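# Survey of secondary and tertiary structure
Here's the letter readout for the chains.
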Amino acid sequence: MGKDDAILNQFKEDQSAAAVVDTGKRMRIGIIGTGWIADAHIKSYLKMPDVDIVAGADLIPGKAKKFFEKWGVENVKCYESHQAMLDDESLKLDAVSVCTYNCQHAEPTIYALNKGINVLLEKPMCVTTEEAVEIMRAEKASGKVLSIGFQPRLDANMQKIKEIVESGVLGKIYYIQTGGGRRRGIPTPYGTTFIDKKTGGIGALGDIGCYSLDMVLNAIGYPKPLTVSGYKSAFFGTDPNYCGYPDDKKAEYAGKFGVDDFAAAFIRLEGGVVLDFRIAWAMNINTPGDTIILGTKGGLRIPSTDCWNGSVGGEMTVYHEVAGLQTETKIPIVKTNGDLFDLKIRTFLDACKNGTPAPVPSSQILYNQAIIDGIVKSANAGHEVKIEIPEI
């Protein structure tokens, strides 16, 4: 067996292991924003043997109270602002989940960190680079844990992608193609918060584009983005005849649509890597293509999915050369040990309790956010732009 074969064979093993939960210290948790994504958070928190959910906040009067009643959680104090909740020192909060709409991610996160409270912030990190920088400054000053909600990174197959790259089998990485999306999948079953510019801020870029970027950027060590030439459109979202809108809401939803439903970009990264990216909520094709990572010694093909679901679309393939012959090695699907959302919550809690680094650190997602913001700025300007990231 050759050296490369030995390296590749290790990627076919299920190396997952069950986590051991320390129940010696209980975590007092608050939830900010009680919309649909908060359902996933509370569902996972309720599975954790060391968690007490003690508070929640939502801008809509009575919404937080109904949310906790729905989940059968009692003795929870409810508030109509994150400030009121976080100002209540009697709660003795250890951590909060920020589950607000995109344009309200930064404010409660910064407020919580300034209060000395750990934060699990839902993706996208925020809307602009400037907001991301302010969040990180608050994190740095607080010394608390801030983790961003990128649960696909915890999928065993996603981790294999990083292992393959780091093994050296592909050689020096120089080109990446990535993206994905949905043929018809504008997320309006949850109302208009995703599509209204005032609340969503960004569309497919922030909803699923951030996941696609994280998959490849994490694999190659998150190099700094340098420039971006971006494009975005909203042909489907602004069309009142879009088939995904309810019949009685077509005109309303099309009128409120103020974000991107498709975006594409060419991004230059430090280290001589170029990234060819595209993402869609709606498009007239089944997929914009598989993810491809090209290196000087080999290439990796990652099958696309019908909809971003936190994993890969099938067996991955490594294309490489053995003794002068072109060959292909299949990487079988690996079973992830546990639900991805549960793992997101668990790893965050463990980092808070043990004083260990955040499972998905803001220092990496800052670059993710800067690329997304750069795509928007480039598309609006109509030309390539330099990505500027201020000092933290």
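See the structure shown above.
Residues numbered from 1 in each chain as written. Predicted model: local features only at pLDDT ≥ 70, side-chain atom pairs only at ≥ 80, totals over all residues. Heavy atoms only, no water.

## Topic: empty space enclosed by the protein
Just so we agree on the cut-off: Here a cavity denotes a set of grid points, spaced 1 Å apart and computed over the protein atoms alone, in which a 1.4 Å probe fits but from which it cannot get out, and a pocket denotes an open set meeting protein on both sides within 12 Å along at least five of seven lines; residues with an atom within 4 Å of a point are reported as lining. Grid points are joined across faces, edges and corners, and a volume is the space filled by probe spheres set on the points. All amino acids are sorted into three groups, where Ala, Val, Leu, Ile, Met, Phe, Trp, Tyr, Cys and Pro are nonpolar, Asp, Glu, Lys and Arg are charged, and the leftover types, Gly among them, are polar. By definition, any uninterrupted DSSP run of H or I lasting at least four residues is a helix, any uninterrupted run of E lasting at least two residues is a strand, and each is numbered from the N terminus.
Applying the stated criterion across every chain, the model contains 3 cavities of 30 Å³ or more. Computed from the structure, the largest cavity encloses a volume of approximately 110 Å³. Taken together, 15 residues line the largest cavity, and the ones lying closest to its centre are Gly179, Pro303, Ser304, Thr305 and Trp308. When the residues that make up the lining of the largest cavity are grouped by side-chain class, the tally is 6 nonpolar, 8 polar and 1 charged. Lining the second largest cavity are Phe150, Pro152, Arg153, Met158, Gln159, Tyr211, Asp214, Met215, Asn218 and Trp308. At the level of elements, helix H7 (156-167) and helix H8 (204-219) are the ones that each hand at least two residues to the lining of the second largest cavity. Ranked by the residues each element gives to the lining of the second largest cavity, the list is headed by H8, at 4 residues. A breakdown of the residues in the lining of the second largest cavity according to their chemical character gives 6 nonpolar, 2 polar and 2 charged.

## Side note on the layout of surface pockets
In this structure, the largest pocket encloses a volume near 880 Å³. Along its surface, the largest pocket is lined by 40 residues, and Trp36, Ile37, Cys99, Thr100 and Phe194 are the ones closest to its centre. Of all elements in the fold, only helix H2 (36-45), H8 and helix H10 (340-354) reach the threshold of two or more residues within the lining of the largest pocket. Tallying contributions element by element places H8 first for the lining of the largest pocket, with 3 residues. Here the residues of the lining of the largest pocket sort into 20 nonpolar, 14 polar and 6 charged.

## Some thoughts on the nonpolar core
What counts, and what does not: In these notes, a set of buried Ala, Val, Leu, Ile, Met, Phe, Trp, Tyr and Cys residues joined through side-chain atoms within 4.5 Å is what counts as a nonpolar core. Only protein chains enter the calculation, and the probe is 1.4 Å; a residue is then buried if its accessible area is under 20% of its type maximum, exposed if over 50%, and partly exposed in between. By definition in these notes, contact holds between two residues if any of their heavy atoms fall within 4.5 Å.
Membership of the largest hydrophobic core comes to 88 residues, with the highest contact counts inside it found for Met85, Val96, Ile161 and Ile293. A per-element tally of this core places H8 first, with 10 residues. Residues within four places of Val96 in sequence aside, it is in contact with Gly30, Ile32, Met85, Leu86, Ala112, Ile117, Asn118, Val119, Leu120 and Phe348. By size, the runner-up hydrophobic cluster in this structure holds 26 residues, among which are Phe67, Val73, Phe348 and Ala351.

## Observations concerning the sheet that holds strand S2 (residues 51-57)
Applied cut-off: By definition, two strands form a pair when at least two bridges between them are found by DSSP. Every axis corresponds to a line fitted to the C-alpha atoms, with the helix fit spanning only the stretch in contact, and the corresponding angles, defined between N-to-C directions, vary from 0 to 180 degrees.
The strand order across the open sheet formed by 6 strands is S3-S2-S1-S4-S5-S6, and the pairing between neighbours is parallel. Looking at strand neighbours, the two that pair on one side only are strand S3 (77-79) and strand S6 (146-149), the edges of this open sheet. Pairwise comparison of adjacent strand axes, ignoring direction, gives a mean angle of 20° for this sheet. Examined bridge by bridge, strand S1 (residues 27-32) and S2 share 6 bridges and lie parallel to one another. Looking at the pairing, Ile31 lines up with Gly56 of S2.

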